[in-house]
Amino acid sequence: MKHKNIAIFVPHAGCPHACSFCNQKTITAQQTLPQPDDVVRICTQALAEIQDPSNAEIAFFGGSFTAIPQDYMTSLLKAAQPFLGAGRFAGIRISTRPDCISEAILRLLLQYGVTAIELGAQSMCDAVLTANLRGHTAQDVRDACACIRSFGFGLGLQMMTGLYGSTPADDLSTVERIVEIHPDTVRMYPVVVLRGTRLGQLYEAGSYILPSMDEMIDVCADAMLRFREAGIAVIKCGLHASEFVERDRLAGYYHPAFRELCEGRIFRRKMAALPLSRTQTNRIAVHPACISRVVGQKRENILYFAQQGIDVKIIGDGTSEEYEIELRE
């Protein structure tokens, strides 16, 4: 069963830095800070609508949760308490910065039922972190992860690809460093350049030139394969669709189905490795849940092979493993 988050956004609250890419009010589509009454309202509604709340977590996202004033942070956590336990939500998930983690903070989070912590690592290359005004180092990420693990929390890492000063090789180096840490989950966010950010200024000045969308799809496809190989779940790839992001976007890798584009690229590579015939239709069997991804956005994979004179037909087979393909007679 797919895991669910009951997302409550705390936009830009507590963050000690203005990172080059960040305009949290645009990303979260929210201008005001949530209050305890908002937490109660959101959780009450979600509890009534979700069939199996034990497979869901209350999630405080959008800002640096452990850096907001402690009395405000605890007021939000206290408001969530009645919604935890038997027949209710499984726990609380938060997102924060690597340099906003301490043993004292972690003890407090345990007290209030926090079960998982996601860190915005963004890159594991110090030069890239510095260029994007992150205010922490790759070692800070490693240290925070070790501390979180020692307290028994679930661990997630968030990374960005295509940042200012980063290359595809740097992005894939970050993937390898994250694999070494081996979090439970990863979120991948190909950069989107927004108005009102330092990246926006650099882009408009011509100082920041991004790789093409096609190159970035290749990078993220490589990353997804590597994480899958390492047993790390990629629970997000690309920003969620938002009219606010569309309004403020200057450049970058924004697509409402970016993950599907990457998965389509993975399947295209798998098909290209098969001994495909140019004289007869190639019937390729896949798990039924994967058919749309194998076909590709707007049938791009079928068209890709057609341009090479290769006719491909995708068929569903419930006995196939997900993400695996097989050429049938």
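Residues numbered from 1 in each chain as written. Predicted model: local features only at pLDDT ≥ 70, side-chain atom pairs only at ≥ 80, totals over all residues. Heavy atoms only, no water.

Peer 1: What is the right way to read the overall build of the protein chain from this model?
Peer 2: Check the secondary structure of the protein chain and you find 13 helices and 12 strands. Here the C-alpha radius of gyration of the protein chain, 21 Å, is about what a compact globule of 329 residues would show, namely 20 Å. Seen through its principal axes, the protein chain has C-alpha atoms that stretch 70 × 50 × 35 Å. Residue burial in the protein chain is summarised as follows: out of 329 residues, 50% are buried. Of the contacts formed within the protein chain by residues at least 6 apart in sequence, a portion of 79% connects residues at least 24 apart. (Helix = DSSP H or I, 4+ residues; strand = E, 2+ residues; numbered from the N terminus. Rg over C-alpha atoms; globule rule 2.2 N^0.38 Å. Buried < 20%, exposed > 50% of the residue type's maximum accessible area, 1.4 Å probe, protein only. Contact = heavy atoms within 4.5 Å.)

Peer 1: Before we go on, may I ask you to explain the sheet that holds strand S11 (residues 312–316) in this structure?
Peer 2: Paired through backbone hydrogen bonds, the strands of a sheet run either parallel or antiparallel to each other. Sheet architecture is open: 3 strands sit in the order S11-S10-S12, paired in mixed fashion. One side of each edge strand has no neighbouring strand; the edge strands of this open sheet are S11 and strand S12 (325–328). When strand polarity is set aside, the average angle formed by the axes of neighbouring strands in this sheet is 35°. As judged from the 4 bridges shared by strand S10 (residues 282–286) and S12, these two strands associate in the antiparallel manner. (Pairing = 2+ DSSP bridges. Axes fitted to C-alpha atoms, helices over the stretch in contact; angles between N-to-C directions.)

Peer 1: What exactly am I supposed to notice about the packing of helix H3 (residues 70–80) against helix H4 (residues 103–111) here?
Peer 2: Relative orientation and spacing of two packed helices are given, respectively, by the angle between their axes and the distance between those axes. Here H3 crosses H4 at 25°, and the two axes come no closer than 11 Å. Put simply, H3 runs roughly parallel to H4. Both H3 and H4 take part in a crossing whose hand is right-handed. When H3 is examined against H4, the residues Gln 70, Met 73, Thr 74 and Leu 77 are found in contact with a partner set consisting of Ile 105, Leu 108 and Leu 109. Of the residues assigned to the contact of H3 with H4, the class counts are 5 nonpolar, 2 polar and no charged. (Parallel < 35°, antiparallel > 145°, perpendicular 65-115°, else oblique. Left-handed = near helix turned anticlockwise from the far one by under 90°. Nonpolar A, V, L, I, M, F, W, Y, C, P; charged D, E, K, R; others polar.)

Peer 1: Could you clarify how one ought to interpret the nonpolar core in this entry?
Peer 2: As a rule of thumb, nonpolar side chains are buried together in soluble globular proteins. Phe 60, Leu 109, Ile 117, Met 188 and Phe 227 are the most contacted members of the largest nonpolar core, which has 86 residues in total. Considering every element that reaches this core, the biggest residue donor is helix H9 (residues 213–229), with 8 residues. Of all hydrophobic cores here, the second largest spans 15 residues; its members include Ile 284, Val 286, Ile 302 and Val 312. (Core = buried A, V, L, I, M, F, W, Y, C linked by side-chain atoms within 4.5 Å.)

Peer 1: Sorry, what's going on with the packing of helix H2 (residues 36–49) against H3 here?
Peer 2: Two numbers describe how H2 lies on H3: the axes approach to 8 Å, and their chain directions differ by 30°. Taken together, the axis directions place H2 and H3 in an arrangement best described as roughly parallel. Both H2 and H3 take part in a crossing whose hand is right-handed. Of H3, the residues touching H2 (which contributes Pro 36, Val 39 and Val 40) are Ser 75, Leu 76, Ala 79 and Ala 80. Its residues assigned to classes, the contact of H2 with H3 shows 6 nonpolar, 1 polar and no charged.

Peer 1: Help me out: how do you make sense of H2 in this one?
Peer 2: An α-helical turn contains 3.6 residues, so any two residues separated by three or four positions project in the same direction. Counted at 1.5 Å a residue, the expected span for H2 with its 14 residues is 20 Å, and the 20 Å between its end C-alpha atoms agrees. The set of residues buried in H2 consists of Val 39, Cys 43 and Ala 46. In a view along the axis of H2, the buried residues occupy a sector of 65°, so they form one face of it. For H2, the exposed residues lying more than 90 degrees away from the buried face are Asp 37, Ala 48 and Glu 49. Of the surrounding secondary structure, the elements contacted by the buried residues of H2 are strand S1 (4–9), strand S2 (56–61) and H3. (Expected span 1.5 Å × (residues − 1). Arc of directions from axis to C-beta.)

Peer 1: Please explain the packing of aromatic side chains as it appears in this structure.
Peer 2: Under the definition given, this model contains 4 aromatic pairs. Ring geometry for Phe 60 and Phe 65: centres 4.9 Å apart, planes at 15°, overall stacked. Side by side, Phe 60 and Phe 65 carry an identical accessibility label, which is buried. With centroids separated by 6.0 Å and ring planes inclined at 5°, the aromatic side chains of Phe 267 and Tyr 323 adopt a geometry described as stacked. Highlighted residues: Phe 267 in helix H11 (residues 258–272) and Tyr 323 in the loop between S11 and S12, separated in sequence by 56 residues. (Phe/Tyr/Trp six-rings, centres within 6.5 Å; stacked < 30°, edge-to-face > 60°.)

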